[in-house]
Amino acid sequence: DSEEEAPAAAKEFVIPASEEELVKSGGNYFVHTRVYFNDNAEAARKQLNDLSKKIERNPRNLWGDNFDVMFCMARDFGSLTQECRRKLLVDVVAGGLARVASDVHKTHVQSQSQSQSQAYDSDTDAPHGDGTATKNALRMYVFLISWLVRLAEKDLITETASKVEGKGRSRRKTAAAAAANFWAAAENKEQVLTVLADTLELDLAKLWKGPPEDSLVQLFAKCVFALLENPAITKTPTVQKGVGVVLRLLIRRYQQWSVSVLPSLMRLLHHHEHAPDVVADFIAEYATESEGADSNLVGSVLREIGRLSPRDVAKEATLAKNLAQCVCGIAERAPLDVVPCISVLHPHLDGESHVMRNGILQALCTLILKGFGARGDDSERADSSVKDQFFRILLERLHDVASYTRSKALQLWITLVEQQAVTLKVLPEVTKRALGRLQDKAAQVRKNAIQLLCTLMKYNQFGSTLRLSDFTLKMKECNALLNRDEDDLESSEEESDEEEKKNKKKEKKENKDGTSSDDAKEKKSSSDESEEECEKKTKKMQEKEKEKGEEEEAKEPPRKKCKVHNKNKPLPQDLDATRVATIFKGTPFEHIDLPLEQVLPQMQKLTAWVRDARRLITAVHAAVPQVAALLGSKNNSDIVEAIEFFTIANEFRVEVAQMGIRKMLTLVWSKEPAIREAVVAAYEKLYLTHPNPAVIAKNIISTTTGASLAELTSLEELLTDFMRRHRISPTVVDALWSFFGSSDSAEDDSCSALAVLGMLASGDPAIVLDKINLLVTVGLGPRRKRDERIARLACVALQKLRPQQQTQSSSASPQKKAEKRQEDEEEGGTKRRRSKKEKEKEKEKEKEKEKEMQPGVVLKNSHNLFVMLIEVITDMEIPALKWFPVAEQVISTIYALSEKPDQLAADVIRRLYKAALPDGDLGNATTCDVVGLSKLFFVLGHVAIKQLVYVEEVSQSRTETVKKEQVAADTGKNAVAGTSALEQELGAKEAQIECASDAMLLGAQEELVSSSCLLGMFSEFICDVCKNKDGKYNSRMLREAAVLALCKYMCASTTFCKDHIQLLISILVSAPESSIRSNVVMALGDLCWRFASVVEPFMSHVFEKLHDEDPRVRKNALLVLSHLVLHDMIKVKGQISSMTFALVDEDKRVSELAHLFFSEYSSKGNELYNSLSDIISALSVTPSVTIETFRSIVTYLFGFLSKERQFETLLEKLCHRIQVATELEHARNYIYCLSLLTYNDKCIRKLSEQFGCYKDRLADEDAYASFCAIVSKAKKFAKADMRSAVEELERKVQAVHEGRAPAENGGTDAPPAPIRTPAARRGRRRVPPTTTGRRRVHRRRRDEEEESDEQISLSSDSDDDAPIRRRTPAARKKTPAKKATKKVRASSSSSDAGAKRKKAKSSSGSEEEKKSEKAKKSSEEEASGSESG
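Nothing here was measured: the structure is a model prediction, and the numbers come from that model.

## As for the overall build of the chain
Link 1 in the chain: The number of helices and strands found in the chain is 69 helices and zero strands.
Link 2 in the chain: Buried positions account for 44% of the 1429 residues belonging to the chain.
Link 3 in the chain: Carbon and sulfur atoms form 50% of the exposed surface of the chain, whose accessible area is close to 74300 Å².

The following block contains the structure:
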């Protein structure tokens, strides 16, 4: 051993820059002995055993063969077994370093009593006695550990990556290999890190007689950072903690922060996704444990991040994400250290990476919540100013360019409001900005803006109710107590607003003048300054902020005092403790007990508090219309969040919230499950959560007050769903009955309660079944004379005793029957594959349907109910206009509950007939009662419809009975099994029964209005009244009732409809009453459903009513046509253009219906696209259509186009129409339509090819502006290879517009591609897509054309000296073949001078002709290639 130590003491080991340097011979140490351990595990094991024994005897004995063997093993590290690897790294190398460190520590202890030289001389037998052997051993061990750790980490990361990427068996193998890796065990890593930490704990400066070389210290850093590069370190906190210990020692003892640690940390952030949390943990722990100058580590990291170029950060997505997470992590873990130096990240707020901006905003939010503590008055003032700056930045980012950043800023404000971190000073501005984001283009931003408004209401500081009237009253009380007028109050609020604006302007100016220059100086000098200088600057900035805060506080109190004390108004004389308590009630100052002399300061605070509350409530009121508009959004998240907003607003008693609550009702019909569930949950929370049933009943009743028909229908659907799910308790139903039956209830409450009971009966008819007598005695009794609504609502409730059966009408088309049969078969096939639970659920649903489809209650005609109903309908004391809705429900109730309704209906008709015509003469108009006759006609029409439905129900029930009897008869017969089975399978007998039933039903329908029946006896009289030839029947009410009866008669019979369709159309065209025209339009829609072949030829008259002067007629016409078109009942061709005018209708309801129609129509395949060109042409040629109207319509319609193929085809059509347009306005319209298309590569190419079609229109400014818009749009989305084509098109357009010849590379000299119609394309033979074939075809065509041109020129020229003229392609296009000879002959009569000029130009023109021929050849090749493609 002593022999091996001698050279070690004589020569120092120099740490190489790379491992290969130790193999080369030179002045320093190099490996002499080279041993190879490839696939030789036994030799490696023996060598390791020998090495461990030698190191145990003398750990410094490395110089020579021992180090060479270790080096060779490290070189062949990948071929060693896992056990050998572990023994080499952990036992031999790390163990040897631990022994050397222990010896050095002992030596240092001994040096305290002896001199340093004696200690080292006794420790080593070297001649110089300077500890060279110990230093060499330390260098060698650390070098080997660093190398081996890097090798082990690389091997482990590779195995882990292959484990993730592999599949199946290979993945299991790699997973097992990774698990068996010795370096995967945390114990081995902890042991190595402990040895490294113990080595760094030594006082190496004594051993080295100064600081050790940086190359040695950096080996420690390389080792630990190799560990940090492995993502698995986040799962082993003990290893991460050990790495932190080593790094802290490197920073504190060896000043390696700026040399190796900080660059390595930044490198980690650049390349590793797991690095942010690791770096943040280390920085935070170091800042927490350190004090003084060491705590500035956070600032240096943030400054290093701030020095990075925002452009470079934006280019690397991983880097931006890691930096943002690191900043957020440091701010979360060490907020107090981040606050002074967060300003260094300001350049990234203006950078291109929204991820980085989001991270900085998250850090600011964290600092607001955690970065300010109780540190004295001066510090709190500075903190408040810094907080205000942070708030200002968060407010500014609500208008960021990126929607992700705007959304993130809103989310952070939600967090701040939830944590009660927003001051009342900032709250109004936050509410205002959130209000502005409700109209943002991004759906996520709108969603977060609504959530922020909801959070502001939830966590408000003004109480559980936000009624504006309450706070206005409170403000008046405060004003009266302070002896102010309302004008003073408003002026003070305006002054405060103006002062806030002035302060903001001053702050902006100061930032522009002062802070911007300071920031610039900081940026310039930040790279050269030390950490101490940066700290001094931050302290100076904090002192300035304190001074500013003190100045502001010194200025504010006098300004506030002058408003009150300068007026010298004393307190009111009647002021007492009771009045003060009343004013303070429900406020934060309620429990403050002060003498009257000290009330004034509290009243001033209360006034400011009320003012802030009124600002918040006013902002919520302003948000209600915008949020209500979002209920009609196409985005589901907008609708769901809007529902939540109105639910919360209603909970806080915001007055205007009822507008949104009512509008939400119609969403119960939504097809989206999420929206429907949100609506149901919202109304359940609003109305059904109160413990008192009477309050619940009152809340539901209040919903019906002032509701429209659509809202009432939606409410019925909602309440029906509640009843089926048993959400409404019987006690609530009893409370509703008490509201209805009590004589103390108001008439409106009784009617509303009865309406709600009728809605609930749709879900559970038993509600009405037990109360029939109450309905008859109260609803149809004397109370109906005071309010006829109660009779109508009672009839509606009674009708729910017999649920409406969804009968299949015999008039249904065979196609629909086949579709339904196919659906049933498909359902039958799928049921076999369903699970048992699904089958059980389906059985339960079928049982519920059977209960619903039960015949219900059927009463005899002698029941007291029908007596009261007939008495109601024949009561002439009811006003005429109120009688009609009552009569409609009475007849419906008779047909719903009567055993033989036709008899009761006949009795009603006879009574009304006698009352209207006492003489019984239908032709005598002088003795008739107009009102009575109108009532008779109304009843006749409604009875005809109800009788038609009744006949179909009877026919269907009879058919089902016959089928059941037939099935029972077939099963009882002893017929041939094969024949009966075949007939049963084919359904022959069922078909016969259905045919017979249909024939009987058709006959019964025809007899309904025949002259032999009671209804038919009045048909001629009704027609006479409708015709009104002699002007006998001029009463509007009478004519309306007669026309309505005529329409209902026509629905009953095909023959009657055919005979009177002309009469109905003439009434539609010539009727002066808008109500009659409106009714006829609706009737034609129903007739088209029932008798399509009869009515469809007359539907053009309905399209004409889209331009009617009355908005109700237009609305009904649009509604009918939309229904028919969307259900394919009529086919529209050019008539669809007339429906587009409704998009810009003055009436809002018509416009909304039109938008809804085209939205649904666009989803029907390519229907809208196929009609779009005709729509554009029709709108262009219509004189009444202005430019604004045309552009508004086509802009909306083009928004439904989404397929690239549609854009390409439409572009060609529009270019052709531009070319053939005779009017400039038409061409402008077509060019504007071109600007609405979305342009891809093919569209740009086609637009360039069709340049000749619109070339002549570019002189117009409007057309040129549209093409400029096309080019700018194409540039945004054009790829790199197409950008040149777009620029070329731009140059051509600009050159033609300016009236100069385009450049040669622009391509405008060449003729545009020939326009071929689809017929010409079909007739032309396709050329195969091969270059040789295309060239042959084009060459042959060119030769033939040149020969024909030469023949024409030779035959036309009489002069021998005349040149042979060859026509260019442009000339051939302009001159047809038939006119070519005439033009040539005309040219032959020119003078000799002209011929000489042609000869002179022929030489120069030959080159141009060659160029034109080449251009033509290339263009034809491209055209043929595109067509063949």
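## Some words on the pattern of salt bridges
Two side chains that carry opposite charge are able to pair once their charged atoms sit near each other.
Link 1 in the chain: The tally for this structure, following the rule as stated, stands at 52 salt bridges.
Link 2 in the chain: With its nearest N and O atoms 3.8 Å apart, the salt bridge here joins Glu711 to Arg662. Of the two residues, Glu711 sits in helix H33 (residues 709-724) while Arg662 sits in helix H30 (residues 657-664), which places them 49 residues apart along the sequence. Arg662 shares its class with Glu711; the two are buried.
Link 3 in the chain: Asp1262 is the salt-bridge partner of Arg1191, the closest N and O atoms lying 3.1 Å from each other. Of this pair, Arg1191 sits in helix H58 (residues 1187-1198) while Asp1262 sits in helix H63 (residues 1261-1277); the two residues are 71 residues apart in sequence, bridging distant segments of the chain.
Link 4 in the chain: Take Arg1191: its relative accessible area is 23%, and that puts it in the partly exposed class.
Link 5 in the chain: Ionic contacts of the salt-bridge type, sharing partners, join the residues Asp350, Arg357, Arg397 and Asp400 into one network.

## Section: the side chain of Asp1110
Link 1 in the chain: Along the chain, the position of Asp1110 falls in the loop between helix H53 (1100-1104) and helix H54 (1111-1126).
Link 2 in the chain: Ignoring sequence-local partners within four residues, the contact set of Asp1110 consists of Ser1074 and Arg1077.

## Comments concerning the packing of helix H60 (residues 1224-1235) against H63
Link 1 in the chain: The geometry of H60 relative to H63 is characterised by a closest axis approach of 8 Å and an angle of 10° between their N-to-C directions. Viewed along their axes, H60 and H63 adopt a mutual orientation that is roughly parallel. Residues Arg1228, Ile1231, Tyr1232, Leu1234 and Ser1235 of H60 touch H63, and the partners they reach there are Asp1262, Ala1263, Ser1266, Phe1267, Ile1270 and Lys1273.
Link 2 in the chain: Among the residues forming the contact of H60 with H63, the class breakdown is six nonpolar, two polar and three charged.

## What to know about the nonpolar core
Link 1 in the chain: Trp413, Phe645, Phe937 and Leu1234 are the most contacted members of the largest nonpolar core, which totals 386 residues.
Link 2 in the chain: Residues within four places of Trp413 in sequence aside, it is in contact with Phe391, Leu394, Leu395, Leu398, Val422, Val426, Val430 and Leu452.

## Quick notes on the side chain of Lys935
Link 1 in the chain: The topology assignment puts Lys935 in helix H45 (residues 930-972).
Link 2 in the chain: Given the relative accessible area of 1%, Lys935 is considered buried.
Link 3 in the chain: When neighbours within four sequence positions are excluded, Lys935 is seen to be in contact with Asp875, Met876, Ile878, Trp883, Phe884 and Leu912.

## Focus on unusual backbone geometry
Link 1 in the chain: Although it is not a glycine, Arg653 sits at a positive phi angle of roughly 60°.
Link 2 in the chain: Tracing the backbone through its elements, the reader meets Arg653 in the loop between helix H29 (636-651) and H30.
Link 3 in the chain: Here Arg653 falls in the partly exposed class, since its relative accessible area comes to 48%.
Link 4 in the chain: Even without being a glycine, His726 presents a positive backbone phi close to 60°.
Link 5 in the chain: Locating His726 in the fold gives a position in the loop between H33 and helix H34 (730-741).

## With respect to H34
An α-helix turns once per 3.6 residues; consequently, residues spaced three or four apart project the same way.
Link 1 in the chain: Over its 12 residues, H34 extends 16 Å from the first C-alpha to the last, a length consistent with the 16 Å expected when each residue adds 1.5 Å.
Link 2 in the chain: Every buried residue of H34 is listed here: Val732, Val733, Ala735, Leu736, Trp737, Phe739 and Phe740.
Link 3 in the chain: Summarising the contacts, the buried residues of H34 are in contact with helix H32 (693-704), helix H35 (747-761), helix H36 (766-769), helix H37 (772-779), helix H38 (783-786) and helix H39 (789-799).

## Considering H54
Link 1 in the chain: A rise of 1.5 Å per residue sets the reference length of H54, with its 16 residues, at 22 Å; its end C-alpha atoms lie 22 Å apart and thus fit the reference within 8%.
Link 2 in the chain: Along H54, the positions that sit buried rather than exposed are Val1113, Arg1114, Lys1115, Asn1116, Ala1117, Leu1118, Val1120, Leu1121, Ser1122, Leu1124 and Val1125.
Link 3 in the chain: Structurally, H54 contributes buried residues whose contacts are with helix H51 (1074-1090), H53, helix H55 (1136-1140) and helix H56 (1148-1161).
Link 4 in the chain: N-capping of H54 is provided by Asp1110, with a side-chain oxygen placed 3.0 Å from the backbone N of Arg1112.
Link 5 in the chain: Looking one or two residues beyond H54, the residue adopting positive phi is Asp1128, at roughly 60°.

## Concerning empty space enclosed by the protein
Rolled over the atoms, a probe sized like a water molecule indicates the empty space that remains.
Link 1 in the chain: Under the counting rule described, the total for this entry stands at six cavities of 30 Å³ or more.
Link 2 in the chain: Lining the second largest cavity are Leu416, Val417, Gln420, Ala421, Val422, Leu427, Leu456, Tyr459, Asn460, Gln461 and Leu616.
Link 3 in the chain: Of the residues in the lining of the second largest cavity, the class split is eight nonpolar, three polar and no charged.

## Focus on the environment of Pro693
Link 1 in the chain: Structurally, the position occupied by Pro693 is in helix H32.
Link 2 in the chain: Once the C-alpha coordinates of Pro693 and Thr731 are considered, the two residues, 38 residues apart in sequence, prove to be 6.1 Å apart.
Link 3 in the chain: Non-local contacts of Pro693, meaning those with residues more than four positions away in its chain, are made with Thr731, Val732 and Ala735.

## Quick look at the packing of aromatic side chains
Link 1 in the chain: Following the criterion strictly, the structure yields 27 aromatic pairs and no others.
Link 2 in the chain: A centroid spacing of 6.0 Å and a plane angle of 45° characterise the contact between Phe143 and Trp147, whose relative ring orientation is tilted. In this pair, Phe143 and Trp147 are both assigned in helix H6 (residues 132-165), four residues apart and thus about one turn of the helix distant.
Link 3 in the chain: Ring geometry for Tyr683 against Tyr687: centres 5.8 Å apart, planes inclined by 25°, an arrangement best described as stacked. Here Tyr683 and its partner Tyr687 are both found in helix H31 (residues 673-687), four residues apart, which amounts to about one turn of the helix.

## Some remarks on the confidence of the model for the chain
Link 1 in the chain: With 72% of its residues at a pLDDT of 70 or more, the chain has an overall mean of 76.
Link 2 in the chain: Segment residues 485-492 is flagged for pLDDT under 50; beyond a separation of four residues in sequence, or across chains, it makes nine contacts in the model.
Link 3 in the chain: In the predicted structure, residues 805-833 sits below a pLDDT of 50 and forms 22 contacts with residues beyond four places in sequence or in another chain.

## Description of the packing of helix H21 (residues 403-418) against helix H23 (residues 443-458)
When two helices pack together, their arrangement is given by the angle between their axes and by how far apart the axes lie.
Link 1 in the chain: Closest axis-to-axis distance for the H21/H23 pair is 9 Å, and the angle between their directions is 15°. As summarised for this structure, H21 and H23 are arranged roughly parallel, according to the angle between their axes. The two elements H21 and H23 meet at a crossing, and its hand is left-handed. On H23, the residues that touch Ser403, Arg406, Ser407, Leu410, Gln411, Trp413, Ile414, Val417 and Glu418 of H21 are Gln444, Val445, Asn448, Ala449, Gln451, Leu452, Thr455 and Leu456.
Link 2 in the chain: Its residues assigned to classes, the contact of H21 with H23 shows eight nonpolar, seven polar and two charged.

Cut-off values and rules
- Residues numbered from 1 in each chain as written.
- Predicted model: local features only at pLDDT ≥ 70, side-chain atom pairs only at ≥ 80, totals over all residues.
- Heavy atoms only, no water.
- Helix = DSSP H or I, 4+ residues; strand = E, 2+ residues; numbered from the N terminus.
- Buried < 20%, exposed > 50% of the residue type's maximum accessible area, 1.4 Å probe, protein only.
- Areas by Shrake-Rupley, 256 points an atom, 1.4 Å probe, with all protein chains shown as cover.
- Salt bridge = Lys/Arg side-chain N within 4 Å of Asp/Glu carboxyl O.
- Contact = heavy atoms within 4.5 Å.
- Axes fitted to C-alpha atoms, helices over the stretch in contact; angles between N-to-C directions.
- Parallel < 35°, antiparallel > 145°, perpendicular 65-115°, else oblique.
- Nonpolar A, V, L, I, M, F, W, Y, C, P; charged D, E, K, R; others polar.
- Core = buried A, V, L, I, M, F, W, Y, C linked by side-chain atoms within 4.5 Å.
- Expected span 1.5 Å × (residues − 1).
- Polar contact = N/O pair within 3.5 Å; in protein donor to acceptor, adjacent residues only side chain to side chain.
- 1 Å grid on protein atoms, 1.4 Å probe; cavity = no way out; pocket = protein on both sides within 12 Å on 5 of 7 lines; lining within 4 Å.
- Points joined across faces, edges and corners; volume = space filled by probe spheres on them.
- Phe/Tyr/Trp six-rings, centres within 6.5 Å; stacked < 30°, edge-to-face > 60°.
- pLDDT = per-residue confidence, 0-100.
- Left-handed = near helix turned anticlockwise from the far one by under 90°.

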